[in-house]
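# Results of the structural survey
Residue strings, one per chain:
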Amino acid sequence: MKRPIAYIAGTGRGIPARVMTNHDFAALGIDTSHEWIVERTGIMERRIASDSESTCSMAADAARTAMARAGVAPGEIDAIVMSTATPDRLLPSTAVDLQAELGATRAAAFDVSAACTGWIYGMTVAEGLMHSGVIQTALVVGAEKMSSIVDWQDRSTCILFGDGAGAVVLKRNKSQATKGILSTFIRSDGTLAELLWRPSGGAKHPFSQDVLDDRSSYVRMAGRETFRHAVRSMSEACERALDGAKLRADDIDILIPHQANIRIIESTAKYANVPMEKVFVNVDRYGNTSSASIPIALDEAVESGRVKEGTTALLVAFGAGFTWGSMVVRF
Ligand code: ACO
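These numbers were taken from a predicted model, which means no experiment stands behind them. (Residues numbered from 1 in each chain as written. Predicted model: local features only at pLDDT ≥ 70, side-chain atom pairs only at ≥ 80, totals over all residues. Heavy atoms only, no water.)

Core analysis: the biggest nonpolar cluster contains 46 residues, and Phe25, Leu242, Leu255, Leu314, Phe322 and Val328 have the highest contact counts within it. If you list the elements that add at least two residues to this core, you get strand E8 (180–188), helix H7 (223–245), helix H8 (262–271), strand E12 (312–319) and strand E13 (323–330). When residues in this core are grouped by element, the largest group, 8 residues, is from H7. In this view, Leu314 contacts Cys238, Ala241, Leu242, Ile252, Ile254, Leu255, Ile256, Met327 and Val328; residues no more than four positions away in its chain are not counted. (Core = buried A, V, L, I, M, F, W, Y, C linked by side-chain atoms within 4.5 Å. Buried < 20%, exposed > 50% of the residue type's maximum accessible area, 1.4 Å probe, protein only. Helix = DSSP H or I, 4+ residues; strand = E, 2+ residues; numbered from the N terminus. Contact = heavy atoms within 4.5 Å.)

Okay, structure coming up:
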């Protein structure tokens, strides 16, 4: 096992106040039911941002809490790594908006685009920058306003997603430290891109009246295929992160998977040989918040005492691309 280069010094989350329950879809004319959604996904409710809440504003809430808990001032941040599939604007990055909002005057800032796996990718990049000696302290944020890109006329997708942000302060370890990131694993398969995507609205098919008319700038997903790949890839990722850390499933105190669907979570835990008592679940309250889901869950796990000093956590994610990844972290 390698010496951990970086450790998580503080966590935080930024969650919109507005709760949307499964029953609220009826008012939008969506032909669905609470029972169908709970049975297929485990989701009871999700948070939906107001017009005045943005990806950046939720990220800033999460970041301020994480920095306060880590005892780090904005001027001490060397890099802001922001993972989002829902940037507030296409140019510049949402990370620079966050840099300005926080007054993190010494920080480099950039977005990472790896969909629901984005925060794991971002953590891996930040750890790498620490390994190479470029930075000492990073803010790694996952923030998503998924409600702005789902098709509210498509019942097969709009019931799945929610808004929110999670953040951690990552710090470079002193030598001989034993806590921190013990292993990371990241992968992708772009041949499957069109199973979960937004066909239009980018440079290849820019916005036009046709795009608005055919609703092709919204998320489209082949649910069953995505489900199958998610379970297979997350199971592989759990194994690879454990191998990298020279640990066995029994050594893990808590598994924090991407919160997309309770059935995906249960299948992943089963293949990874981690009992459900050790799995953190909050998909029932937030739905799928894409790359914000793991840092939000981690923050709740810290707050509730399920993650504390000495805890060994396995984090695993899967998302559009497809992308997948995992890490083992000792606290
Ligand atoms: N309410 C009621 N009925 C619905 C709804 C709904 N909201 N949505 C679809 N249906 C209907 C379909 O029309 C279909 O009806 P039919 O049989 O008459 O054609 C029926 O329910 C079954 O549809 P399926 O798509 O086959 O249902 P499935 O059991 O696969 O569940 C679901 C759908 C929940 C989307 C599932 O496939 C899934 O969870 N997939 C993974 C999705 C996911 O988590 N993606 C994100 C992972 S990656 C990331 O986070 C970006």
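This next bit is on the sheet that holds strand E6 (residues 137–145). Strand order in the open sheet made by the 5 strands is E1-E7-E6-E4-E5, with mixed pairing throughout. In this open sheet, the two edge strands, each paired with only one partner strand, are strand E1 (6–14) and strand E5 (108–112). Between one strand and the next, the sheet's axes are offset by a mean angle of 20°, whatever the strand orientation. Here strand E4 (residues 79–83) runs beside E5; their pairing, made up of 5 bridges, is parallel. Each bridged residue has a counterpart across the sheet, and for Ser83 the counterpart in E5 is Val112. The sheet strands contacting helix H3 (residues 94–102) are E4, E5 and E6, and the helix crosses E4 at an angle near 130°. (Pairing = 2+ DSSP bridges. Axes fitted to C-alpha atoms, helices over the stretch in contact; angles between N-to-C directions.)

Once that is clear, we can look at H8. Where H8 is concerned, the buried positions are Ile262, Ile264, Ile265, Thr268 and Ala269. Seen along its axis, H8 keeps its buried residues to an arc of 160°; they face one direction. Within H8, the exposed residues directed more than 90 degrees away from the buried face are Lys270 and Tyr271. Next to the buried residues of H8 lie helix H1 (34–41), H7, strand E11 (254–257) and helix H9 (283–286). (Arc of directions from axis to C-beta.)

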